[in-house]
Amino acid sequence: MAEVNVTAAMVKELREKTGAGMMDCKKALIEKNGDMDAAVDYLRDRKRAWQQLLKRPVALPLKASLNLTSTWVEESAFWWKLTAKPTLSPRQMSSVS
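Cut-offs and rules
- Counting starts from 1 at the beginning of each chain's written sequence and moves along it residue by residue.
- In view of the model being predicted, local features appear only for residues whose pLDDT reaches at least 70, and side-chain atom pairs are presented and counted only at 80 or more, with totals across whole chains, interfaces and linings using the full set of residues.
- Here the side-chain values reflect all heavy atoms present in the structure, with hydrogen atoms and water set aside.
- Helix axes use the C-alpha atoms of the stretch in contact, all axes being lines fitted to C-alpha atoms, and the angles between their N-to-C directions lie in the range 0 to 180 degrees.
- Strands are runs of DSSP state E lasting at least two residues, helices are runs of H or I lasting at least four, and both sets are numbered from the N terminus onward.
- Should an angle lie under 35 degrees it is considered roughly parallel, over 145 roughly antiparallel, and from 65 to 115 roughly perpendicular; all remaining angles are considered oblique.
- Crossings are classed by handedness, with left-handed meaning an anticlockwise turn of the near helix from the far one by less than a right angle and right-handed meaning a clockwise turn.
- Note on contacts: a residue pair qualifies if any of its non-hydrogen atoms lie within 4.5 Å across the two residues.
- Polar here means any residue other than Ala, Val, Leu, Ile, Met, Phe, Trp, Tyr, Cys and Pro, which are nonpolar, and Asp, Glu, Lys and Arg, which are charged; Gly is therefore polar.
- What pLDDT reports is the predictor's confidence in each residue, on a scale of 0 through 100.
- Here, the term nonpolar core denotes a set of buried Ala, Val, Leu, Ile, Met, Phe, Trp, Tyr and Cys residues that are joined through side-chain atoms within 4.5 Å.
- Each residue is assigned to one of three classes by its accessible area relative to the maximum for its type, calculated with a 1.4 Å probe on protein chains only: buried under 20%, partly exposed between the two thresholds, exposed over 50%.
- Any carboxyl oxygen of Asp or Glu within 4 Å of a side-chain nitrogen of Lys or Arg constitutes a salt bridge here.

S.K.: Is there a simple way to think about the packing of helix H2 (residues 22–31) against helix H3 (residues 36–55) in this case?
M.R.: A packed helix pair is summarised by two numbers, namely the angle formed by the two axes and the spacing between the axes. In contact at an axis separation of 8 Å, H2 and H3 are set at 120° when each is read in the N-to-C sense. Taken together, the axes of H2 and H3 lie oblique to each other. In the crossing of H2 with H3, the sense of the turn from one axis to the other is right-handed. Along its contact with H2, which presents Asp 24, Cys 25, Lys 27, Ala 28, Leu 29 and Glu 31, the element H3 presents Met 36, Ala 39, Tyr 42, Leu 43 and Arg 46. Looking at the contact of H2 with H3, its residues break down into seven nonpolar, no polar and four charged.

Right, dumping it as structure tokens:
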């Protein structure tokens, strides 16, 4: 693979076109041998792949175990209520303490 001379002006132009980060633009230009249109498509495909990854459901355990051993935690009603109901919403969390 031939070394591509990517200038700061090329990176700046690609950043203005896409709004992507500086290093992402530089990597795209190097990957596509300095071809601006191919680099735009490359960044667009990467963004689309990232968005698809974020849409995937995440498997979470049903109940998280808390291993807290301080006296304050053991005596705190807040922590006892929190561990008794691990699925509290933020609104419910404000009423626990």
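S.K.: Would you mind going over the confidence of the model for the protein chain with me for this structure?
M.R.: Low pLDDT means the predicted atomic positions in that stretch should not be read closely. Predicted confidence across the protein chain gives a mean pLDDT of 76, with 57% of residues reaching 70 or more. Helix H4 (residues 71–75) is the least confidently modelled element of the protein chain, averaging 53 in pLDDT, while H2 averages 94, the highest of any element.

S.K.: How should I be thinking about the nonpolar core in this particular structure?
M.R.: The nonpolar side chains of a soluble globular protein tend to be buried with one another. Core analysis: the largest hydrophobic core is formed by 14 residues, its most contacted members being Leu 14, Cys 25, Ala 28, Leu 29 and Leu 43. Elements that contribute at least two residues to this core include exactly helix H1 (8–18), H2 and H3. Broken down by element, this core gets its largest block of residues, five residues, from H3. The contact partners of Leu 14, leaving out residues within four places of it in the chain, are Gly 19, Cys 25, Ala 28, Leu 29, Met 36, Ala 39, Val 40 and Leu 43.

S.K.: I keep staring at the pattern of salt bridges and nothing clicks. Help me out?
M.R.: Side-chain pairs of opposite charge can arise where the charged atoms are in close proximity. A complete count under the given rule lists three salt bridges for this structure. Here Arg 44 ties to Asp 41 by a salt bridge, and the two come within 3.1 Å at their closest N and O atoms. Residue Arg 44 and its partner Asp 41 are both found in helix H3; the two are separated by three residues, about one turn of the helix.

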